[in-house]
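# Chain and residue survey
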Amino acid sequence: MPITLDIFSPIHRWQHPLFTEKGLNVFIKRDDLIHPLISGNKWRKLKYALLKAQAEDKNHLVTFGGAYSNHLLATAAAAAQFGFKATGIVRGEEVQNDTLFLCRLHSMQLIFVSRDAYRNKPALFEEYFGSDEQAYFIDEGGASAEAVQGCSELVNELPRVYEHLFCACGTGTTAAGIITGLQQHQLFTQFHAVPVLKNGEFMRDEINRYLTIPFSYQLHTDYHFGGYAKTTPELLQFVQNFIATTGILIEPVYTGKMLYALFDRAQRNHFASGSNILAVHSGGMMGLLGMKDRFTTIK
Ligand SMILES: *Cc1c(COP(=O)(O)O)cnc(C)c1O
């Protein structure tokens, strides 16, 4: 099948008494609606990698991730849709969960490797698929120059200028893409990157290495809630309130932390009255299902 996906990513308003009080217009770019599994930034990140693989006549996607990786699942679903074979090299001992079940359902082959071996991805690729001429390497999380190009296209879809734009960061590739898009359109939007990992200062280097022109932006390193996939009762309460009052599903690994950061900044008067603020909903619903047991306040 030709590699195109007609994407649907509308912009919805986030209404909240706090925003009314502060005179803020807050919107959410619904990249989560792009596809149920190739969702959000994962489609944007994969698009040009798939086109490149196809152009190089490779029909086997080989990629990497943890057992809960949204990228693994997105790759499995995209491979099935566009006629590629797929292998996922998974960090750690063999386990079963909903994400890996769905990967297998899409016929992705899974290879579990030790945490030690996992560190050297090119070596693993060489070991397992060095002699497979059809194999195409896609890095963990889909991080690549192609991914940056794909994510930059989000900015083409914006109907107006926003004073502020928020995005969650895992590898920082999506953030780098959106910044690149802002630069291409010569927009002076304040960009806010929210790392979801502890000690997120390193994210600045991760983002900057993809930028051809320097760009000034804010990195909010205080919203990791203990680290990657860690949560607190306060974060879970925020996620639950958000879902219950907007009808928009978010999860605590990425979008919950990013939206919490936006909300907290608004509470602390970091935005001028009249500001238009856009948050990117980067998808990731499987992350929510993997955390059912943490929502102990829901009876
Ligand atoms: C993968 C993912 C991210 C992180 O994107 P990076 O480009 O790695 O920074 C953010 N949000 C969701 C929902 C994701 O699945």
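Described in the following lines is the structure provided in the data block. (Residues numbered from 1 in each chain as written. Predicted model: local features only at pLDDT ≥ 70, side-chain atom pairs only at ≥ 80, totals over all residues. Heavy atoms only, no water.)

On to the packing of helix H7 (residues 145-152) against helix H8 (residues 173-184), then. At their nearest, the axes of H7 and H8 sit 7 Å apart, and the two run at 55° to each other. Between H7 and H8, the angle is such that the two are oblique. In terms of crossing hand, the pair formed by H7 and H8 is right-handed. Along the contact surface, H7 presents Ala147, Val148, Cys151 and Ser152, while H8 presents Thr173, Thr174, Ala176, Gly177, Ile178, Thr180, Gly181 and Gln184. Looking at the contact of H7 with H8, its residues break down into 5 nonpolar, 7 polar and no charged. (Axes fitted to C-alpha atoms, helices over the stretch in contact; angles between N-to-C directions. Helix = DSSP H or I, 4+ residues; strand = E, 2+ residues; numbered from the N terminus. Parallel < 35°, antiparallel > 145°, perpendicular 65-115°, else oblique. Left-handed = near helix turned anticlockwise from the far one by under 90°. Contact = heavy atoms within 4.5 Å. Nonpolar A, V, L, I, M, F, W, Y, C, P; charged D, E, K, R; others polar.)

Considering the arrangement of structural elements, one finds Ser275 in the loop between helix H11 (255-267) and strand E10 (276-280). Engagement of the side chain of Ser275 in a polar contact is seen with the backbone oxygen of Ala272, the distance being 2.6 Å. Every residue in contact with Ser275, bar those within four places of it in the chain, is listed here: Gly23, Leu24, Asn25, Glu163 and His164. (Polar contact = N/O pair within 3.5 Å; in protein donor to acceptor, adjacent residues only side chain to side chain.)

Turning to the pairing of strand E8 (residues 190-195), a few remarks are in order. The two faces of the sheet receive side chains in turn, since in a regular strand these alternate between them. Most of E8 is tucked away: 5 of the 6 residues are buried. Where strand E7 (residues 164-169) meets E8, 6 bridges bridge the pair, whose relative direction is parallel. When the bridges of E8 are listed, Cys169 appears paired with Pro195. The parallel pair E7 and E8, bridged by H8, forms a crossover whose chirality is right-handed. Two elements, E8 and strand E9 (residues 218-219), share 2 bridges in a ladder whose sense is parallel. Counted as the bridge partner of Ala193 is Leu219 from E9. Considered for its hand, the β-α-β crossover made up of E8, helix H9 (residues 203-208) and E9 is right-handed. (Buried < 20%, exposed > 50% of the residue type's maximum accessible area, 1.4 Å probe, protein only. Pairing = 2+ DSSP bridges. Right-handed = clockwise from strand over helix to strand, strands pointing away.)

So, about the pairing of strand E3 (residues 60-65). Within E3, 6 of the 6 residues are buried, leaving the element largely enclosed by the surrounding structure. Of the two faces of E3, the one holding His60, Val62 and Phe64 and the one holding Leu61, Thr63 and Gly65 are both buried throughout. By the bridge criterion, 6 bridges tie E3 to strand E4 (residues 85-91) in an arrangement that is parallel. Its bridge partner lying in E4, Thr63 is registered against Gly88. Here 3 bridges tie E3 to strand E6 (residues 135-137), and the two strands are oriented parallel to one another. The partner of Leu61 across the bridge, within E6, is Tyr136.

Taken together, 14 residues sit near the ligand, with Lys42, Asn70, Thr171, Thr174 and Ser282 positioned nearest. Within the contact set of the ligand, an oxygen atom lies 2.7 Å away from a side-chain nitrogen or oxygen of Asn70. The contact in question runs from an oxygen atom of the ligand to an N or O atom on the backbone of Gly170, over 2.8 Å. For the ligand, the protein covers 97% of the area, taking 390 Å² as the surface of the free molecule. Elements with a minimum of two residues in the shell around the ligand: helix H2 (41-55) and H8. The biggest single contributor to the shell around the ligand is H2, with 3 residues. Within the shell around the ligand, the residues separate by chemical class into 2 nonpolar, 10 polar and 2 charged. (Near = heavy atom within 4 Å. Areas by Shrake-Rupley, 256 points an atom, 1.4 Å probe, with all protein chains shown as cover.)

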